[in-house]
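Chains, contacts and geometry: an overview
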Amino acid sequence: MREDPGLYDYWPYENRPRIRWPNNARVALWVAPNIEFYELDPAVNPHRAAWPKPVPDVHGYATRDYGNRVGHMRMMRVLDKYGVRGSISLSTALCEHHPEIIELCKERNWEFFSHGIYNTRYTYGMDEAQERSMIQDAVDTIHKHTGQQCAGYLAPALTHTEVTMDLFAEAGGLYTCDLFHDDQPTPVHVRSGKKFISVPYSLEMNDTIVYVVNKIEPRRYGEMIKANFDRLYAEGKDNGVVMCVPLHAYQVSHPHRLKAFEEALEYMTGHPDVWVTTGREIAEHYIEHHYDEAVEDIKKRGVRS
Amino acid sequence: MTLDKSYLEYPRRGYGMDHERYDWSMLSDRKAVQWPDGKTVALWVNVALQYFPLNQKGKPFPPPGGMSTAYPDLRHYTLRDYGNRIGIFRFLKAFDRLGIRPTFAVNARLAERYPYLIERIAERGDEILSHGWDMDTPHYGGLDASEEAAQIGRSLDVLRESTGQTVTGWLSPGKSQSGSTPELLVRHGIEYMCDWINDDMPYTFRTEHGDITAMPLSTELEDRFILMNNLHSESEYADQIIDAFDFLSTEASAEGGRLLALNLHPWLLGQPHRIGQLERALEHILARDCVWTAGASEILKAWLAAQNG
């Protein structure tokens, strides 16, 4: 085990080279719906139990299933209303289980990126060949069902190994959502030397963390999103930043929650200098225009880890 | 480090669910439901009448709201008992004032221990459903099927005998089931169960002995979940119920009937500082013309009629 993940260098927020988003936007805003499939009776991983209760864990399973049966359509309509294309963190087996949802997202030109095969299959304990094969399966599944080349990765259930980023970059990936160290994209070290970056996702703005871990009130979630946006919008005047709102239709789309989120989305998209975009578009723009400059600046100032 | 190769095999990876219990469908794709008299939102208020034994075994897991200190946990035993002595009567007063027709999910042990309360509930004519034996007798994967059959049988015998009702509804303690619970419920004359919270509307659930209906009794909107699990305030509870109702009534006007299902615990919302917030939420809902307040079986009947109509 390592003391430091070795994935990025310390790089202070002040005095960085300026990121310029299209149309001089201050904030690149992206919304990342996690569209997940949890198995009722998954294969057992010795490092982590899938369910807290003996199979069938009706409550845990049904909680997640609600998102696909009820929540997805509600969430999608809200995103449609404000012109937001989702960047889907996808349990890729959902392409087979629920192709109707995939079709709806394809029609809207949403981005699909890998969140593993199922959210009940963890990376813990996989050897490199196994993890490579799981990653390739997800990339192939996305391509087969959507025609898209998978650019982003959020490890299934946020379970990683030391080589996760290396393997995903080698599978053609451009960016990871697994690192929470920054409000701007940053280069990520991978063994192939490919241009691979972190695009800020956010656990603080993630509805599941908000509702399940931090047990926040729905209306307060709306206020938190607005406060997060206000500060980034102010700072983005000098140097472009990224704001992500990760969602789960089984959390945010409950009848007592969706309105507060909608109000926050209306608020953010009502600002002029916002680039409402997707994870892939942020990654491509950054790699094309800012990656080399960033690496140079980090070399000059940073502490190489 | 390596995992068994079966960990990367997915035998159920295919269209629909990863089990045979129910069909995959999105709520928005289903036929619109009409409730009686042109109403668009059915309000189902269910009161959980529970018995938490002091000598809790907690096997294989303790019930939500169960004993949590070393024996004897007088604190939690009496806090829960408060609901059956005091809180429930505050509920009844509020329901009667507002014209709400609740259902009562009753632990069989409570029916045995407090005949006064059961008679009082039964004489109202509101629907009573089974809430299993007691809160410390869960249904779970690994429970012996014959033991579970006996558990269900005696729970229903006691409740049917003490209430004079047929009892066709079921809410498992802690909403926990074994893989056999749905089959056993059908064999014991149960027509609907309230443990699966994956929908906002009823749906058909398959068992080896015929179909049963899953009636969605929301956990996210339950008083215990909002107040005890999330530690939100009483007024926040009421705000969330109001927001849920407003959302569903808007959705219903475009997509057909919707169901707002509130599961209440008299040991929580029956406290003097909380009851007013429950009343505030219910007053908000009942002030609207679109609301149909009904018991679970009536809602189920109207839903079934809409499926076949």
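I will try to describe carefully the structure that is included in this document. (Residues numbered from 1 in each chain as written. Chains lettered and ligands numbered in written order. Predicted model: local features only at pLDDT ≥ 70, side-chain atom pairs only at ≥ 80, totals over all residues.)

1. Thoughts on the overall build of chain B
The criterion, for reference: Only runs of H or I of at least four residues qualify as helices and only runs of E of at least two qualify as strands under DSSP, and these elements are numbered from the N terminus. Note that the radius of gyration is over C-alpha atoms, with the globule rule given as 2.2 Å times the number of residues to the power 0.38. In this scheme every C-beta is placed from the backbone, and a residue whose C-beta has 20 or more other C-beta atoms within 10 Å is buried, one with 12 or fewer is exposed, and one in between is partly exposed. Working definition of a contact: two residues with C-beta atoms, positioned from the backbone, lying within 7 Å.
In terms of helices and strands, chain B carries 10 helices and nine strands. Radius of gyration (C-alpha) of chain B: 20 Å, near the 19 Å computed for a compact globule of 309 residues. Overall size of chain B, expressed as C-alpha extent along the three principal axes, is 60 × 55 × 45 Å. For chain B, the residues scored as buried account for 50% of the 309 residues in total. Across chain B, every contact between residues at least 6 apart in sequence was considered, and the portion connecting residues at least 24 apart equals 73%.

2. Considering the overall build of chain A
Scanning chain A from terminus to terminus reveals 11 helices and nine strands. Relative to the compact-globule value of 19 Å for 305 residues, chain A shows a C-alpha radius of gyration of 19 Å, a close match. With the C-alpha coordinates of chain A rotated into their principal frame, the extents come out at 55 × 45 × 35 Å. Taking all 305 residues of chain A together, the buried fraction comes to 54%. At a minimum sequence separation of 6, the contacts of chain A that also span at least 24 residues come to 77%.

3. A few points about the interface of chain A and chain B
Spelled out, the test is: Residues are grouped as follows: Ala, Val, Leu, Ile, Met, Phe, Trp, Tyr, Cys and Pro are nonpolar; Asp, Glu, Lys and Arg are charged; every other residue, Gly included, is polar.
Contact residues are listed per partner, giving 40 residues for chain A and 46 residues for chain B. Only helix H1 (58-81), helix H2 (94-97), helix H4 (128-146), helix H7 (218-235) and helix H9 (258-269) of chain A provide two or more residues apiece to the side of chain A that touches chain B. Counting residues per element, the side of chain A that touches chain B draws most heavily on H1 of chain A, which supplies 10 residues. Residues of the side of chain A that touches chain B, tallied by class, amount to 17 nonpolar, 11 polar and 12 charged.

4. What about the environment of Gln130 of chain A?
Here Gln130 of chain A is to be found in helix H4. Take Gln130 of chain A: there are 19 C-beta atoms within 10 Å of it, and that puts it in the partly exposed class.

5. Things to note about the pairing of strand E1 (residues 27-35) of chain A
Residues and elements named next belong to chain A. The test is simple: When DSSP locates at least two bridges between a pair of strands, those strands are taken to pair. Look down the strands so they point away from you; if the path from the first strand over the helix to the second goes clockwise, the crossover is right-handed.
Most of E1 sits out of view: nine of its nine residues are buried. Of the two faces of E1, both are covered, the one formed by Val27, Leu29, Val31, Pro33 and Ile35 as well as the one formed by Ala28, Trp30, Ala32 and Asn34. The sheet contact formed by E1 and strand E8 (residues 241-248) spans eight bridges and is parallel. Residue pairing in the sheet places Asn34 in a bridge with His248 of E8. Where E1 and strand E9 (residues 274-277) come together, four bridges link them in parallel fashion. In the sheet register, Leu29 faces E9, and the bridge partner there is Val276. For the crossover that starts at E1, traverses H1 and ends in the parallel strand E2 (residues 87-90), the hand is right-handed.

6. Re the packing of H7 of chain A against H9 of chain A
Residues and elements named next belong to chain A. Applied cut-off: Note on definitions: angles span 0 to 180 degrees between N-to-C directions of axes, and those axes are lines fitted to C-alpha atoms, for helices only across the stretch in contact. Convention used here: angles under 35 degrees read as roughly parallel, angles over 145 as roughly antiparallel, angles from 65 to 115 as roughly perpendicular, and any remaining angle as oblique. Less than a right angle of anticlockwise turn of the near helix away from the far helix marks a crossing as left-handed, whereas a clockwise turn marks it as right-handed.
At a minimum axis separation of 8 Å, H7 and H9 run at an interaxial angle of 15°. It follows from the interaxial angle that H7 and H9 lie roughly parallel. For the element pair H7 and H9, the recorded crossing hand is right-handed. Of the residues in H9, those touching H7 at Pro218, Arg219, Tyr221, Gly222, Ile225, Lys226 and Phe229 are Ala260, Phe261, Glu263, Ala264, Tyr267 and Met268. Taken together, the residues that form the contact of H7 with H9 break down as nine nonpolar, one polar and three charged.

Limitation: the analysis is restricted to geometry and does not speak to function.
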